Amino acid sequence: MADPLDQIKAEASRIEEDSLYSAKGHWEAAKPWEHRHLWLGIPTTICAAAAGVSAFSNHPGYSGAFSVIVAVGSALITFVNPGERHRRHCDAGNSYKALSNQARIFRTIDCSLEADLPALAAKLKELAQRRDELNQGSPIIPREAFEAARRGIEAGEARHEIDKKS
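Residues numbered from 1 in each chain as written. Predicted model: local features only at pLDDT ≥ 70, side-chain atom pairs only at ≥ 80, totals over all residues. Heavy atoms only, no water.

A. Summary view of the overall build of the chain. Counting its regular elements, the chain contains six helices and zero strands. Scanning the chain from its N terminus toward the C terminus, one meets helices and strands in the order α-α-α-α-α-α. Over its C-alpha atoms the chain spans a radius of gyration of 24 Å, topping by over 25% the 15 Å that the globule rule assigns to 166 residues. C-alpha atoms of the chain, sized along the principal axes, occupy 85 × 30 × 25 Å. For the chain, with 166 residues in total, the buried portion stands at 30%. A fraction of 85% describes how many contacts in the chain between residues 6 or more apart in sequence connect residues 24 or more apart. Surface accessibility of the chain: about 10500 Å² in total, with carbon and sulfur atoms responsible for 58%. For the chain, the centre of its 21 positive side-chain charges and the centre of its 22 negative side-chain charges are spaced 4 Å apart. (Helix = DSSP H or I, 4+ residues; strand = E, 2+ residues; numbered from the N terminus. Rg over C-alpha atoms; globule rule 2.2 N^0.38 Å. Buried < 20%, exposed > 50% of the residue type's maximum accessible area, 1.4 Å probe, protein only. Contact = heavy atoms within 4.5 Å. Areas by Shrake-Rupley, 256 points an atom, 1.4 Å probe, with all protein chains shown as cover. Lys, Arg positive; Asp, Glu negative; His and termini not counted. Charge placed at Lys NZ, Arg CZ, Asp CG, Glu CD.)

Here it is, written out as C-alpha cells:
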C-alpha cells in the first residue's frame, strides 16, 4: 500500500497540473476574443464618427451607408460580445493559476511541515473542490487554445527559473 502522504502529494500535483493547463488554455482562448473585439469595435467607432460628419456635411448617401455599417457592427458586438468572452476566459485563467499556485505551495511546503494527515487530506479536498467549482463555472476552452497552451507548457513557458535548476 502506498504511503498516504505520497498519495496526498500526488493528488496535489494532479490538481496543480490540471490547473496550470486550464489557466494557460483560458489565456490562449482569450486572445482571439480580444482581437475580435478590436476588429469589430474600432471600425464601428470610426464609421459612427464618419456617419456623423457625413450628416453634418450634407452627404446623406455616405451618412446612410456609414449608419448601416454602424448598425451591423453594433449588432455583432452585442450578439457575439467578444469583450465579455475575453474577460471570462481571462478571469478563469487567473483563477486556475491561483489554484495551481495554492496546490504547489500545499504540496511543497504544507506537506513538508504538517504531520497531521487528516488535516492535509482536508486541505487537499478543499483544493479539489475549488478545481471542481472552476471546471463547472468556466467557459469551455476551444481545442486549438488547449493545444497552444500544451505546446507552450511543454516548451517551458510555465516553468520558473528555480524549477529549471532541479
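Now that the structure has been shown, we can carry on.
B. Molecular detail of helix H3 (residues 82–113). The end-to-end C-alpha distance of H3 is 45 Å, a good match for the 46 Å that 32 residues give at a rise of 1.5 Å each. At Phe106, H3 shows its maximal bend, which comes to roughly 40°. All of the buried residues in H3 are Pro82, His86, His89, Ala92, Gly93, Tyr96, Leu99, Ser100, Ala103, Phe106 and Cys111. (Expected span 1.5 Å × (residues − 1). Bend = angle between axes of the 7 residues up to and from the residue.)

C. Just a nonpolar patch on the surface, in detail. Residues Leu38, Ile42 and Ile46 make up a contiguous nonpolar surface patch of roughly 280 Å² in combined accessible area. Here Ile46 is to be found in helix H1 (residues 4–56). Judged by relative accessible area, Ile46 falls into the exposed class, the value being 54%. (Patch = residues over 30% accessible without salt bridge, like charges linked within 9 Å, V, L, I, M, F, W, Y side chains within 5 Å. Salt bridge = Lys/Arg side-chain N within 4 Å of Asp/Glu carboxyl O.)

D. Representation of the confidence of the model for the chain within the structure. For the chain, per-residue confidence averages 91 on the pLDDT scale, and residues scoring 70 or more make up 99% of the total. Predicted confidence in the chain is weakest over helix H6 (residues 161–165), with a mean pLDDT of 75, and strongest over helix H4 (residues 117–137), with 97. (pLDDT = per-residue confidence, 0-100.)

E. Region of interest: the nonpolar core. Of all hydrophobic cores here, the largest spans 14 residues; its most connected members are Ile8, Ile15, Phe106, Leu124 and Leu127. For this core, the elements supplying multiple residues, two or more each, are H1, H3 and H4. Ignoring any residue separated from it by four or fewer positions in sequence, one finds Ile8 in contact with Phe106, Cys111, Leu117, Leu120, Ala121 and Leu124. (Core = buried A, V, L, I, M, F, W, Y, C linked by side-chain atoms within 4.5 Å.)

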